[in-house]
Amino acid sequence: MNADAIAYTESIGHSPSISSRKSQAVKSSGLTKAEDTLIARLRRGDEGAFDELVNQHHGMLIRMAMGYVANREVAEEVVQDTWMAVIESLDRFEGRSSLRTWVCGILIHKAKDRGVRERRHTTFSAFESYDDDNEEAVDPSRFQQSGEWAGHWAFPPQPWDDQTPEKLLASKQAVDYMQRAIEALPATLREVLILRDVEGVEAKEVCEMLKITETNLYVRLHRARERVRVAVETALGVETALG
Amino acid sequence: MKDHPSQWLDSGLTCRDVAERATNYLEDRLPVFTKIRVGLHLASCARCRSYVVQIGRVSSALRGFPKLYPSPVNRLRLRQGFAARHANLMAPS
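A brief look at the structure comes next. What you see is a predicted model, and the numbers here were worked out from it, not measured in a lab.

## As for the packing of helix H4 (residues 47-65) of chain A against helix H10 (residues 187-198) of chain A
All names here are of chain A.
Then, in step 1: H10 packs onto H4 with a crossing angle of 160° between their chain directions and a minimal axis gap of 9 Å. Taken together, H4 and H10 sit at an angle that is classed as roughly antiparallel. The handedness of the crossing between H4 and H10 is right-handed. Facing Met60, Arg63 and Met64 of H4, the residues of H10 in contact are Arg190, Glu191, Ile194, Leu195 and Val198.

## Comments concerning the packing of H10 of chain A against helix H4 (residues 46-63) of chain B
Then, in step 1: At a minimum axis distance of 8 Å, the contact between H10 of chain A and H4 of chain B shows a crossing angle of 80°. The pairing of H10 of chain A with H4 of chain B is recorded here as roughly perpendicular in orientation. Contact residues: H10 of chain A offers Leu193, Asp197 and Val198 of chain A, while H4 of chain B offers Ser59, Leu62 and Arg63 of chain B.
Then, in step 2: Per-class residue counts for the contact of H10 of chain A with H4 of chain B are 3 nonpolar, 1 polar and 2 charged.

## Regarding the nonpolar core
Then, in step 1: Counting residues in hydrophobic clusters, the biggest one holds 71 residues, and the most contacted among them are Leu42, Phe50, Met64, Trp83, Met178 and Leu210 of chain A.
Then, in step 2: Top contributing element to this core by residue count: H4 of chain A, with 9 residues.
Then, in step 3: In this structure, Ala137 of chain A together with Leu13, Val18 and Cys48 of chain B belong to the second largest nonpolar core, which totals 17 residues.

## Here's the deal with the pattern of salt bridges
All names here are of chain A.
Then, in step 1: If you walk through the whole model with that rule in mind, you get 21 salt bridges over all chains.
Then, in step 2: Of the charged contacts in the structure, one is a salt bridge between Asp113 and Arg117, with a shortest N-O distance of 3.7 Å. Residue Asp113 and its partner Arg117 are both found in helix H6 (residues 99-117); the two are separated by 4 residues, about one turn of the helix.
Then, in step 3: Here Glu226 ties to Arg229 by a salt bridge, and the two come within 2.9 Å at their closest N and O atoms. Here Glu226 and its partner Arg229 are both found in helix H12 (residues 214-242), 3 residues apart, which amounts to about one turn of the helix.
Then, in step 4: Residue Glu226 is classed as buried on the basis of its relative accessible area of 3%.

## With respect to the environment of Asp81 of chain A
Then, in step 1: In this fold, Asp81 of chain A is placed in helix H5 (residues 72-89).
Then, in step 2: Between the C-alpha atoms of Asp81 of chain A and Val232 of chain A, which are 151 residues apart in sequence, the distance is 34 Å.

## A few points about the interface of chain B and chain A
Then, in step 1: With 49 residues of chain B at the contact, the number on the chain A side is 69 residues.
Then, in step 2: Summed over both partners, the interface of chain B with chain A comes to about 5,300 Å²; 60% of that surface belongs to carbon and sulfur atoms.
Then, in step 3: Summed over the shared surface of chain B and chain A, the result is 8 salt bridges.
Then, in step 4: Between Arg29 of chain B and Glu214 of chain A there is a salt bridge whose closest N-O contact spans 3.3 Å.
Then, in step 5: Summed over the shared surface of chain B and chain A, the result is 28 residue pairs in polar contact (both at pLDDT 80 or more).
Then, in step 6: For the side of chain B that touches chain A, the secondary-structure elements that each account for two or more residues are helix H1 (15-20), helix H2 (22-26), H4 and helix H5 (72-90) of chain B.
Then, in step 7: Split by residue class, the side of chain B that touches chain A holds 22 nonpolar, 15 polar and 12 charged.

## Let's talk about the environment of Asp17 of chain B
Then, in step 1: Relative to the helices and strands, Asp17 of chain B is located in helix H1.
Then, in step 2: Separated by 21 residues in the primary sequence, Asp17 of chain B and Val38 of chain B have C-alpha atoms spaced 8.7 Å apart.

## A word on the packing of aromatic side chains
The way to describe two aromatic rings as a pair is by their centre distance and the angle between their planes.
Then, in step 1: Going through the model one piece at a time under the given rule, you end up with 5 aromatic pairs over all chains.
Then, in step 2: Look at Phe50 of chain A and Trp83 of chain A: their rings are 6.2 Å apart centre to centre, the planes differ by 80°, and that puts the pair in the edge-to-face class. Of this pair, Phe50 of chain A sits in helix H4 while Trp83 of chain A sits in helix H5, and the two are 33 residues apart along the sequence.
Then, in step 3: With relative accessibility at 2%, the residue Phe50 of chain A sits in the buried group.
Then, in step 4: Trp83 of chain A gets classed as buried once you look at its relative accessible area, which sits at 0%.
Then, in step 5: Their ring planes at 40° and their centres at 4.8 Å tell us that Phe93 of chain A and Trp102 of chain A sit as a pair that is tilted. Of the two residues, Phe93 of chain A and Trp102 of chain A, both sit in the buried class.
Then, in step 6: Joined through ring pairs, the aromatic side chains of Phe50 and Trp83 of chain A together with Phe82 of chain B make up one cluster.
Then, in step 7: Above the face of the Tyr177 of chain A ring, Arg180 of chain A is positioned so that its terminal group lies 5.0 Å from the ring centre.

## Quick look at unusual backbone geometry
Then, in step 1: If you check the backbone angles, Lys211 of chain A has positive phi at about 55° while not being a glycine.
Then, in step 2: Located in the positive-phi region is Asp28 of chain B, a residue other than glycine, with phi close to 55°.

Parameters at a glance
Residues numbered from 1 in each chain as written. Chains lettered and ligands numbered in written order. Predicted model: local features only at pLDDT ≥ 70, side-chain atom pairs only at ≥ 80, totals over all residues. Heavy atoms only, no water. Axes fitted to C-alpha atoms, helices over the stretch in contact; angles between N-to-C directions. Helix = DSSP H or I, 4+ residues; strand = E, 2+ residues; numbered from the N terminus. Parallel < 35°, antiparallel > 145°, perpendicular 65-115°, else oblique. Left-handed = near helix turned anticlockwise from the far one by under 90°. Contact = heavy atoms within 4.5 Å. Nonpolar A, V, L, I, M, F, W, Y, C, P; charged D, E, K, R; others polar. Core = buried A, V, L, I, M, F, W, Y, C linked by side-chain atoms within 4.5 Å. Buried < 20%, exposed > 50% of the residue type's maximum accessible area, 1.4 Å probe, protein only. Salt bridge = Lys/Arg side-chain N within 4 Å of Asp/Glu carboxyl O. Buried area = accessible area lost by both parts, 1.4 Å probe. Polar contact = N/O pair within 3.5 Å; in protein donor to acceptor, adjacent residues only side chain to side chain. Phe/Tyr/Trp six-rings, centres within 6.5 Å; stacked < 30°, edge-to-face > 60°. Lys NZ or Arg CZ within 6 Å of the ring centre and 35° of its normal.

Now the structure itself:
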């Protein structure tokens, strides 16, 4: 059983009695004050608090799930199952990690399980190959291979001096290409990009969620950003050609 | 400003070295001496400056991606599930 499965089993595997549930206090060590308050409201049955929780993390869960399963429809089902598991096991959440890390752990377990059941072995083959941290992020053929300028740009990036993040987001072509590039990423690269860049999760928490080192996180993050950058470069080239 | 490393003080790094370190540079994770060398290279290389800027802009643009929410039907099911679970917990055993 892998670590994710163990964590998952620990979190939802046993159903204590109602009296023991009511006596469990959230350990605040791993939680912010806002999370402590949110959990207290959830345990009182506050539906507004549950909506808040879903609104905060649903996008992250969908985007993460897409790295493991075939399409958006299946990802929606996996995330729905995840939320139902969260509802079932909320009273057993002990606060040893953040609520987000806990929910994400459940999602990853369910999405991997669903991915295996769908026989999408390519995802897991990709997982193995991207554990090789010696692979370079930038295509080596973009650099001079020999001569005085070996290692310097042969095919440099075209300047985007006028492309602010806001302008990129306003370009349907650029956004489409970015989304397709993210969808094409192997799960290991996709999950770090989504957590760190799309969701803005702190590096330390990403490492905790994915059980990877910080060095590993930044190696993967750079590879993922480079692939999305190449997609934008292509989109802008297409726009220019069409323009 | 000069635009090729050959025309400036040599940082000892190639463009390939700098490109591989772009995210670590942007996230301020490089050892001080390496950071100085990368800075020196960037000061003299417009191509690498473009590259590092682009990696930063991709990261910032991703932060602005739209939020996703459950469909109304799925949200309703979740609310019902949440309410039912709470009612179940509160019911006398």
